[in-house]
Amino acid sequence: MVVRMRPSMTVISPAGAWRTALVVVALLGALLADRPLLGSDDTIGVENDSQQQQNQFQTIALDQQIQQMLGDGNGGGVEMVRTRAMTHLELEIDSLDEACGLSDAQRDKLNLAARLEAAESMQLFEAFQRRYAGRTVNFQTREGQQTWQRFHRELNELQWATSRSGRSRHLPGRVVGRVLDDRQRDAWKAEADLRTASQWRRFLDGGLSHLECSVGMTDRQHEAIVALLMEDPPRIDMAKARESFGDHNPFLCWYAMSRLDQDRLEAIFDARQWEKVSTIVRQGEQWEPQINTMKLIEE
Amino acid sequence: MRSHSRAVGDGRGDAAAAAGVWLRFLGLVAAIAVGSGRADGQVAIEVDIVEAEAAPVETAAPDAPEDPPPAVPAAEEVPLTPEAMARQQIEQMAAQYEPMLMRVLQDELELVRTLHGDLPVEARRAIVAAGEKGVKEGAIAFSEAMSTPQPVPAPQGGDDGFLNAVGRAFGFPMPEEPGRSAEGAKKAEAKKKPVDPCHLVSDAVAASLIEQIGEASGKDFLDELSKREQRRRAATVRRLVGILDDDLSLSAKQRESIEAAIAEKWDEGVAMALDHQMEINGRKIYPGLPYKRVLPHLTPAQQSKLGDGKQSREIMRSNRQGMLQSQFFRRANLSQQTERDPWWFE
């Protein structure tokens, strides 16, 4: 007898029933083979396991966090902080030299200031590291949560204090005015103004790229609004703004639009577009309290 | 589940594993027994694989009838071929990209409305229909590009990579072997160019607009698209050079010359450097940054800090899909159109 069947069907003669039973047992065995035999209540094992996993995510070793956040996680630690700080400060001094031509004596003074700045950064970092050495935060406890919050607040302050992007804040930046002569100071100021303008332009790019999509802005309108916004940029601490928002957020541009002469701004757009632009301008106005709180406007 | 039994670590997992081995062994014995049943002459089991094209091999038992068996009914569910499954996946991916591209379409329609606020209703409907078609095609094209196998980064010796060679030998769509032929080089170059679904949408709208109002009147939209593209590229370059400035303390002259050098030979991959910066062993890596064009404008100290870009090139070679995705998401995220403009859609 030939029985033709589809792959999903099975036909066995009555004489082979014992074999069928054996196959069923074997299949069940194969299905259950990977399950652990944990006794009468399997859920105990599952609970233990999930508890272990939860605990793993609920505790954090702060030493490890510090290494990852400040030392790139590769064990560089304090020495890496110092090397980075020095490398960057030396590049800034090179840039200053390129712009206004430093004498050897002036360069020595600025190098000394850079070394002091790097040493100060190291001291701050080492103190922070000592404070949290060997500590582990347990998020299940209130104390652990408070420690974690304090750790992050202090880490942010440390990163801000040792940041290399705020030239006017670090030591070489603060002493440069007294090291340079009048001619050099003018050249350095002109260079600094160009940098500020280029940073401001990047903020404008961030805001206008959103605006042009929303209101179907033409090239002519784009050029007109850029000219208006570049006329008198708000005195925003660009380095601080970038650290707070990133360098391509639209909010600072919208805030600046809210401070423009609204009649001149409205004249750039047609009535339909202005309806949308004015909504964006109002959003920009709402950013003013945050900008003031964060002290982004330079004195 | 295996890791679970290891985690418990009390020996019960080992007992389970041993039991499993025994049960599998029993299954094997059973299978042999069933197979040998055909030799007993009690019953013959023959399976016709319905979907197989080749005729099944007849292994009839001695008591089998000589008449040909009745025709086998067609299978109720035909499993998908690998090609059909791949297509299905592409369509599922495309469905996720369509809403993003719809926002891009609304942006383009907004620009058309700014330029041609007096379009008749019929023309508007036709342009929207063409745009929606562009959205669907763009989503499919992008999904296809995203499904293309990634090239395997070459080892540092400059070899093309063993896995690429094996892939080619088996006929997979791997990147062409470098220097193999002029045609191969051309193909490899074409593959490097990322698919931009947003451009497909813009092109669809532009083509339809020109069809509706004529080339002379519709040309202004094309001009605007071209200028907008230039603006976006310039903004990308400015932003990238600004990031380098933070890292390398560039002078104004250096910023200007680096901006010009990058813009001179534009590569869509430049935008990768904005989204995928990373730090390896204390050095910042900018995937997509054309190091060879930037380095000549730097001082030796700046060059030393930036590095030669070898790691960046390796990352770029292996992350074409990442590049495609970041480009597209960046563009789609610019759109803020949340509601359909009734002027177009009603």
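Owing to the predicted nature of the structure, the values given are computational and were not obtained by experimental measurement.

1. Observations regarding the overall build of chain A
Helices and strands together make up the secondary structure of chain A, namely 14 helices and three strands. When each of the 299 residues of chain A is scored for burial, the buried share is 42%. A separation threshold of at least 6 residues defines the contact pool for chain A, and within that pool the share at least 24 residues apart is 74%. As displayed, chain A has an accessible area near 16000 Å², and 53% of this comes from carbon and sulfur atoms.

2. Brief notes about the nonpolar core
Residues and elements named next belong to chain B. Leu109, Leu119, Phe221, Phe328 and Trp344 are the most contacted members of the largest nonpolar core, which totals 32 residues. Listed by contribution, the elements that provide at least two residues to this core are helix H3 (82–115), helix H4 (121–147), helix H7 (197–213), helix H8 (215–248), helix H14 (320–334) and helix H15 (342–345). The dominant element in this core, judged by the number of residues it contributes, is H3, at 10 residues.

3. Quick word on the packing of helix H11 (residues 251–258) of chain A against helix H13 (residues 271–285) of chain A
Any two packed helices are characterised by the angle at which their axes cross and by the distance between the axes. Residue and element names in this part refer to chain A. Between H11 and H13, the least distance of the axes is 7 Å, while the angle of their chain directions is 100 degrees. One finds that H11 runs roughly perpendicular with respect to H13. Touching Trp254, Tyr255, Met257 and Ser258 of H11 are Val277, Ile280, Val281, Gln283, Gly284 and Glu285, all from H13. Considering only residue class, the contact of H11 with H13 consists of six nonpolar, three polar and one charged.

4. Points about the side chain of Asp247 of chain B
Mapping Asp247 of chain B onto the fold places it in helix H8. Beyond its immediate stretch of four places on either side in the chain, Asp247 of chain B contacts His88 and Leu91 of chain A together with Lys284, Tyr286 and Lys305 of chain B.

5. Quick look at the environment of Leu80 of chain B
Residue and element names in this part refer to chain B. With respect to the secondary-structure elements, Leu80 resides in the loop between strand E1 (44–47) and H3. A residue is classified by how much of its surface remains accessible, and Leu80, at 45% relative accessible area, is partly exposed. Other than its neighbours up to four places away in sequence, Leu80 contacts Met85 and Gln88.

6. A few points about the pattern of salt bridges
Scanning the entire structure with this criterion turns up 26 salt bridges over all chains. Between Glu98 of chain B and Lys136 of chain B there is a salt bridge, and its shortest N-O distance comes to 3.3 Å. Separated by 38 residues along the polypeptide, Glu98 of chain B in helix H3 and Lys136 of chain B in helix H4 bring together distant segments of the chain. The class of Glu98 of chain B is partly exposed, set by a relative accessible area of 22%. Relative accessible area serves as the criterion here: at 48%, Lys136 of chain B is assigned to the partly exposed category. One network of salt bridges, in which partners are shared, links Glu212 and Asp219 of chain A together with Arg231 and Arg232 of chain B.

7. Examining H11 of chain A
Residue and element names in this part refer to chain A. H11 sits mainly inside the fold: seven of its eight residues count as buried. Along H11, the positions that sit buried rather than exposed are Leu252, Cys253, Trp254, Tyr255, Ala256, Met257 and Ser258. Residues of H11 that are buried sit in contact with helix H8 (182–215), helix H9 (219–231), helix H10 (238–245), helix H12 (262–268), H13 and helix H14 (288–293).

What counts as what
Residues numbered from 1 in each chain as written. Chains lettered and ligands numbered in written order. Predicted model: local features only at pLDDT ≥ 70, side-chain atom pairs only at ≥ 80, totals over all residues. Heavy atoms only, no water. Helix = DSSP H or I, 4+ residues; strand = E, 2+ residues; numbered from the N terminus. Buried < 20%, exposed > 50% of the residue type's maximum accessible area, 1.4 Å probe, protein only. Contact = heavy atoms within 4.5 Å. Areas by Shrake-Rupley, 256 points an atom, 1.4 Å probe, with all protein chains shown as cover. Core = buried A, V, L, I, M, F, W, Y, C linked by side-chain atoms within 4.5 Å. Axes fitted to C-alpha atoms, helices over the stretch in contact; angles between N-to-C directions. Parallel < 35°, antiparallel > 145°, perpendicular 65-115°, else oblique. Nonpolar A, V, L, I, M, F, W, Y, C, P; charged D, E, K, R; others polar. Salt bridge = Lys/Arg side-chain N within 4 Å of Asp/Glu carboxyl O.

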